[in-house]
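Observations on the model geometry
Now for the letters of each chain:
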Amino acid sequence: NAGVMQNPRHLVRRRGQEARLRCSPMKGHSHVYWYRQLPEEGLKFMVYLQKENIIDESGMPKERFSAEFPKEGPSILRIQQVVRGDSAAYFCASSPLESESYEQYFGPGTRLTVT
Amino acid sequence: AQSVAQPEDQVNVAEGNPLTVKCTYSVSGNPYLFWYVQYPNRGLQFLLKYITGDNLVKGSYGFEAEFNKSQTSFHLKKPSALVSDSALYFCAVKREAAGNKLTFGGGTRVLVKP
């Protein structure tokens, strides 16, 4: 059973460009979470999605950031008009059910560098 | 609101000695507590969790953690550390019936010296 997959693993963008980060959850998992990790810091929650639904986006910046999890295909985290402060590691996690007692399984992350 | 504190940025321990990584939490209601480990340039790996029941929880790679409700703590322990345990450790909390987002502590770097 393959784990959570994220691509690309590394992404370099110039200021003002768009970044698209992809996440394929573990097989059988229908809940996806995105977290951001700034250098030498812990992970901060961004958004929680189920198929075709955003459940909790309380951690998403109000502008430039969006997320989706379509019926078919991976979850996408999209950052428009990137700025240097967006440089971070972005981690996706998945879980099988809505139960809060389930742990989340994390992907290897996408390291975004904005030049 | 919920929060997690890991008071030590780094813990140094000699191989074979006991290892403790501290975590305290603040949450209204019943907490669900988790420990994860992160190796360089990797994602987080789940170690163990406390949901309910026995306060002593055993997890992967010989780690265990003790839930202490009165002290709002969930310290991670290993009786005999290995050099390969050197990594970044994160404590995280969810609040029962309050959604699925995890709140993480700032992390503790563990260095096990041979």
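Scope of this entry: the structure provided in the associated data block. The structure presented is a predicted model; accordingly, all values stated were derived computationally and were not measured.

Looking at the side chain of Gln37 of chain A
Take Gln37 of chain A: it is sitting in strand β4 (residues 31–37). A polar contact of 3.1 Å, which involves the side chain of Gln37 of chain A, links it to the backbone oxygen of Glu41 of chain A. Residues contacting Gln37 of chain A, with those up to four places away along its chain left out, are Gly42, Leu43, Ala88, Ala89 and Phe91 of chain A together with Gln38 and Phe90 of chain B.

Details of the packing of aromatic side chains
Scanning all chains against the criterion turns up 12 aromatic pairs over all chains. Here the aromatic rings of Tyr25 of chain B and Phe67 of chain B are separated by 6.2 Å at their centres, their planes lie at 25°, and the arrangement is stacked. On the criterion of sequence distance, the pair formed by Tyr25 of chain B in strand β4 (residues 24–26) and Phe67 of chain B in strand β8 (residues 64–68) is long-range, its members being 42 residues apart. Among the residues examined, Phe67 of chain B registers a relative accessible area of 6% and is labelled buried. Ring centres of Phe63 of chain B and Tyr89 of chain B lie 5.6 Å apart, and the angle between their planes is 50°; on these two criteria the pair is classed as tilted. Taken together, the positions of Phe63 of chain B in the loop between β7 (56–58) and β8 and Tyr89 of chain B in strand β10 (residues 87–95) put the pair 26 residues apart, joining distant regions of the chain. Taken together, Tyr35, Phe45 and Phe106 of chain A together with Tyr36, Phe46, Phe90 and Phe104 of chain B form an aromatic cluster joined through their ring pairs.

Describing the pairing of strand β12 (residues 108–113) of chain B
Residues and elements named next belong to chain B. A one-sided burial pattern is seen for β12, the buried positions being Thr108, Val110 and Val112 and the unburied ones Arg109, Leu111 and Lys113. When strand β2 (residues 10–14) meets β12, the two strands line up parallel, connected through 5 bridges. Paired with Val13 across the bridge in β12 is Val112. Pairing analysis gives 3 bridges linking β10 to β12, with the strands arranged antiparallel. Directly across from Ala87, in β12, lies its bridge partner Val110.

Re the pattern of salt bridges
For the structure on display, the rule yields 6 salt bridges over all chains. With a shortest N-O distance of 2.7 Å, Arg64 of chain A and Asp86 of chain A are connected by a salt bridge. One end of the pair, Arg64 of chain A, is in the loop between β6 (53–56) and β7 (65–68); the other, Asp86 of chain A, is in the loop between β8 (75–79) and β9 (88–95), with 22 residues separating them in the sequence. As a salt-bridge pair, Asp85 of chain B and Lys78 of chain B come within 2.9 Å of each other at their nearest N and O atoms. The class for Lys78 of chain B is buried, based on a relative accessible area of 8%.

What counts, and where the lines are drawn
- Think of each chain on its own: its residues are numbered from 1, step by step along the sequence as written.
- By the order in which they are written, chains take letters starting at A while ligands take numbers starting at 1.
- The model is predicted, so local features are restricted to residues of pLDDT at least 70 and side-chain atom pairs to those at 80 or more, both for listing and for counting; the totals for chains, interfaces and linings are taken over all residues.
- Note that the side-chain values use all heavy atoms of the structure and ignore hydrogens as well as water.
- Numbering of helices and strands runs from the N terminus; a helix is a DSSP stretch of H or I covering at least four residues, while a strand is a stretch of E covering at least two.
- Any pair of N or O atoms that falls within 3.5 Å is considered a polar contact. Within protein, one atom must be able to donate a hydrogen and the other to accept it, and sequence-neighbouring residues count only if both atoms are side-chain atoms.
- Contacts: residue pairs with any heavy atoms within 4.5 Å of one another.
- Aromatic rings from Phe, Tyr and Trp, taking only the six-membered ring of Trp, are treated as a pair when their centres fall within 6.5 Å; an angle between ring planes under 30 degrees marks them as stacked, one over 60 as edge-to-face, and anything in between as tilted.
- Relative accessible area decides the class of each residue, using a 1.4 Å probe on protein chains only: under 20% of the type maximum gives buried, over 50% gives exposed, and in between gives partly exposed.
- Two strands qualify as a pair provided that DSSP identifies no fewer than 2 bridges between them.
- By definition here, a salt bridge exists when the distance from a side-chain nitrogen of Lys or Arg to a carboxyl oxygen of Asp or Glu is within 4 Å.

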